[in-house]
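What follows is the residue order along each chain.
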Amino acid sequence: MTKDFVTGIMTKPSIRLFIAAPRGFCAGVDRAIKIVELAIQKWGAPVFVRHEIVHNKFVVDSLRDLGAVFVEELDECPDDRPVIFSAHGVPKSVPATASNRNMIFVDATCPLVSKVHIEAERHFNNGLQMVMIGHAGHPETIGTMGQLPEGEVLLVETAEDVASLRVRDTEKLAYITQTTLSVDDTAGIVTALQARFPKIVGPHKEDICYATTNRQAAVKEIAPKIDALLVIGAPNSSNSKRLVEVGRAAGCGYAQLVQRATDINWPELGKMTAIGITAGASAPEVLVNEVIDAFKDRFEVSVEVVETAKENVEFKVPRVLREPA
Ligand code: SF4
């Protein structure tokens, strides 16, 4: 606040907010959350969820309040309660174990992740060895690699990793990718793979999903207009972390991940006058509004929404949750 010496009135400094669109929830996240809510409605609490249904603490806490119990492994769930598998996908062994234990289970794997699972299996059945571009240890990577027998999928994280790949037959290879990678970084890794293995087979259409692609494109569009970018998302959310990197690569010197308005480092924003705001695919819009309100408390705010694509993707929940109990 500054004081006007003529009128004596305290005034707030001005700031421009550029809000990226699309941002926030994608169709896969929306579906996964609905699955947990409908499962609790259908079977009552507790309903177990293997891994965070989507990578967002606010979402997980809200579902926990409704009666969801989050666990990391199936052996933490009793046989007689339903279990949901998270949007990131699971190795084949997980539903197989649940079936053996006669558990009720619902798979909330995003259909766009399942599409990559099917692709991997098809290549395997055609005798091709798989190279997966992804992040080691991310649940989606673990789930996708776990669709095939151990050792059948080789993981690369960077273009440099390609040089050290040891493959069975350079003529019989295919690649797949995690759905939430940086579009630009992945293009570099694919180029390195094609240079070393000219016969490598790629996906018919990008494995990186529409939501990841659209959110990155919106950040690139606002980057030249802003002094700082705030990405609302969780530290374990792959697509949110990629948005920070995309912002930096597009020339935004200050790009930070914030889970909520309380994470914003106001002194660091200093005298900046144009701020970009976006949200990862697992961050709800209520958190975007919370951040905008926090700016309004401190500044005279003008808001401009920068829309680079319209999204109308919707995925149905599994049949079992569309039927009455
Ligand atoms: S980010 Fe993409 S792949 Fe992941 S849940 Fe959303 S739509 Fe599905």
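Residues numbered from 1 in each chain as written. Predicted model: local features only at pLDDT ≥ 70, side-chain atom pairs only at ≥ 80, totals over all residues. Heavy atoms only, no water.

Helix and strand counts for the protein chain stand at eleven helices and 14 strands. Dimensions of the protein chain, computed from C-alpha atoms along their principal axes, come out at roughly 80 × 55 × 30 Å. Within the structure as shown, the protein chain displays about 15,400 Å² of accessible surface, and the carbon and sulfur contribution to it stands at 52%. The centroid of the 35 positive side-chain charges in the protein chain is displaced by 3 Å from the centroid of its 42 negative side-chain charges. (Helix = DSSP H or I, 4+ residues; strand = E, 2+ residues; numbered from the N terminus. Areas by Shrake-Rupley, 256 points an atom, 1.4 Å probe, with all protein chains shown as cover. Lys, Arg positive; Asp, Glu negative; His and termini not counted. Charge placed at Lys NZ, Arg CZ, Asp CG, Glu CD.)

Neighbouring the ligand are Cys26, Gly28, Val29, Cys110, Leu112, Val113, Thr179, Thr180, Cys209, Tyr210 and Ala281. When atom positions are compared with the pocket grids, the ligand is found to occupy the largest cavity. Taken together, the elements giving at least two residues each to the shell around the ligand come down to α1 (27-43) and α4 (111-125). Among the residues making up the shell around the ligand, the classes are represented as eight nonpolar, three polar and no charged. (Near = heavy atom within 4 Å. 1 Å grid on protein atoms, 1.4 Å probe; cavity = no way out; pocket = protein on both sides within 12 Å on 5 of 7 lines; lining within 4 Å. Sits in = over half its atoms within 2 Å of the grid points. Nonpolar A, V, L, I, M, F, W, Y, C, P; charged D, E, K, R; others polar.)

This part is about the side chain of Thr144. Its location among the elements puts Thr144 in helix α5 (residues 139-145). If near-sequence neighbours (up to four positions away) are discounted, Thr144 is found in contact with Val113, Val116, His117, Met132 and Ile176. (Contact = heavy atoms within 4.5 Å.)

If you walk across this open sheet you meet the three strands as β9-β8-β10, and the pairing is parallel. Two strands close off the open sheet at either side, each with one partner strand: β9 (153-156) and β10 (173-177). Adjacent strand axes in the sheet meet at a mean angle of 30° when their direction is disregarded. The pairing of strand β8 (residues 129-133) with β9 spans four bridges and is parallel. Residue Ile133 lies in a different strand from β9, and its bridge partner there is Val156. Of the strands in this sheet, β8 and β10 touch α4, which is tilted by about 170° from β10. (Pairing = 2+ DSSP bridges. Axes fitted to C-alpha atoms, helices over the stretch in contact; angles between N-to-C directions.)

Glancing now at the packing of helix α8 (residues 210-222) against helix α9 (residues 238-249). Where α8 meets α9, the axes come as close as 9 Å, and the angle between the chain directions of the two elements is 30°. Comparing the axis directions of α8 and α9 gives the class roughly parallel. Between α8 and α9 lies a crossing of right-handed hand. Residue-level contacts link Thr212, Arg215, Gln216, Val219 and Lys220 of α8 to Asn239, Arg242, Leu243, Val246 and Gly247 of α9. Here the residues of the contact of α8 with α9 are counted per class, giving three nonpolar, four polar and three charged. (Parallel < 35°, antiparallel > 145°, perpendicular 65-115°, else oblique. Left-handed = near helix turned anticlockwise from the far one by under 90°.)

Turning next to the environment of Gly146. Looking at the secondary structure, you find Gly146 in the loop between α5 and β9. Residue classification places Gly146 among the partly exposed positions, given a relative accessible area of 24%. As a C-alpha pair, Gly146 and His117 span 29 residues in sequence and 9.0 Å in three-dimensional space. If near-sequence neighbours (up to four positions away) are discounted, Gly146 is found in contact with Pro91 and Lys92. (Buried < 20%, exposed > 50% of the residue type's maximum accessible area, 1.4 Å probe, protein only.)

Turning to the layout of surface pockets, a few remarks are in order. The calculated volume of the largest pocket comes to roughly 230 Å³. Forming the boundary of the largest pocket are 17 residues, of which Phe25, Cys26, Ala27, Glu311 and Val313 lie nearest the centre. Listed by contribution, the elements that provide at least two residues to the lining of the largest pocket are α1 and α8. Ranked by residue count, the leading element in the lining of the largest pocket is α1, at four residues. (Points joined across faces, edges and corners; volume = space filled by probe spheres on them.)

A few words now on the pairing of strand β3 (residues 14-21). In terms of residue burial, β3 counts as a mostly covered element, since six of its eight residues are buried. Bridge count for β3 against strand β14 (residues 300-307) is eight bridges, and the pairing is parallel. Across the sheet, Ala20 pairs through a bridge with Val306, a residue of β14. Across four bridges, the pairing between β3 and strand β13 (residues 274-279) is parallel. In the strand pairing of β13, Phe18 is matched with Gly276.

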